[in-house]
Amino acid sequence: MSMTVDEICELAKRSSPMPADMLLSEQGLYLALRNIYDSYRRGIIDDKQGKREKLNAILHPMVYGRMEQEIRSCKEKGLAVVVLDVPLLFEVGAEALADITVCATSPEEVQIERMRTRSGLNREQALSRIRSQMPVSEKEARSDVVLDTNKPLSQLQQDVQKLYHSWADAAL
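Report on the accompanying structure. (Residues numbered from 1 in each chain as written. Predicted model: local features only at pLDDT ≥ 70, side-chain atom pairs only at ≥ 80, totals over all residues. Heavy atoms only, no water.)

1. Remarks on the environment of Ile-100
Consideration 1: Note on placement: Ile-100 falls in the loop between strand S4 (83-85) and strand S5 (102-105).
Consideration 2: Not counting residues within four places of it along the chain, the set of residues in contact with Ile-100 comprises Asp-144, Val-145 and Trp-167. (Helix = DSSP H or I, 4+ residues; strand = E, 2+ residues; numbered from the N terminus. Contact = heavy atoms within 4.5 Å.)

As C-alpha cells, this is what we get:
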C-alpha cells in the first residue's frame, strides 16, 4: 500500500468538517481548510507573514492522524509493506510512523524544474520552498536509505523495486 501526503490531504479534506474557527484571515486573505493545501502547493502561501506555520499547525495534526488511521487499516488487512510519501517527514516529526526512512534526493536545479513542472511554481517560489525545509544533508543523515533520483526513470524504478522487495522479504 502506498499513499502520498497529497492523497491523505485529499481524504482529510473530503472527510473533515470545516469549523468556523479554522478560517484564517490576514491581509484580506481568507482560506478555508479545504483550500489550504492546494494554495500552499500553488505557491500562494509564503512564509513572509508567518502564514505557513499557522496553516501547518492546522493541517499537520489532521494529516498525521489520517496517516495513523491508514497505517492501522493496512496492518489490519495484513499488508506487509506500507509506503508513506511524506516530503516533510522529519520537519513534522512523522518519522516515528516509519520503520525505515528513505530520503529521495536530487540536485537543487532538478528540484526547481520538477516544482515548476509539477506545481507551476516559478524559480523564486521553488527556491523559497526548498529553503524553508530542512537541509537535504540533514535529511540524508537522518534517513536509513538515501535514494538519488537524478537518473533515468527506468533505473529509479528498478532501485525502488529492489527496496520494496527487500522490505517485503524482511516482513515475511
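2. Quick notes on the pairing of S5
Consideration 1: Because side chains alternate across S5, one face comprises the buried residues Cys-103 and Thr-105, and the other comprises Val-102 and Ala-104, none of which is buried.
Consideration 2: In this structure, S5 lies alongside strand S6 (residues 145-148), joined through four bridges in parallel fashion. Its bridge partner lying in S6, Thr-105 is registered against Asp-148. (Buried < 20%, exposed > 50% of the residue type's maximum accessible area, 1.4 Å probe, protein only. Pairing = 2+ DSSP bridges.)

3. A short note on the pattern of salt bridges
Pairing is possible between side chains of opposite charge, provided their charged atoms come close.
Consideration 1: According to the stated counting rule, one finds seven salt bridges in the structure shown.
Consideration 2: Residues Arg-66 and Glu-70 are paired through a salt bridge, measuring 3.2 Å at the closest nitrogen-oxygen approach. On the criterion of helical spacing, the pair formed by Arg-66 and Glu-70 is a turn pair, its members being four residues apart in helix H3 (residues 51-76).
Consideration 3: Among the charged side chains, a network of salt bridges with common partners joins Glu-95, Glu-138 and Arg-142. (Salt bridge = Lys/Arg side-chain N within 4 Å of Asp/Glu carboxyl O.)

4. A few points about the side chain of Ser-106
Consideration 1: For Ser-106, the position within the fold is in the loop between S5 and helix H4 (108-119).
Consideration 2: Taking the relative accessible area as the measure of exposure, Ser-106 reaches 13% and is therefore buried.
Consideration 3: For Ser-106, the contacting residues outside a window of four places in its chain are Gln-111, Arg-114, Thr-149 and Asn-150.

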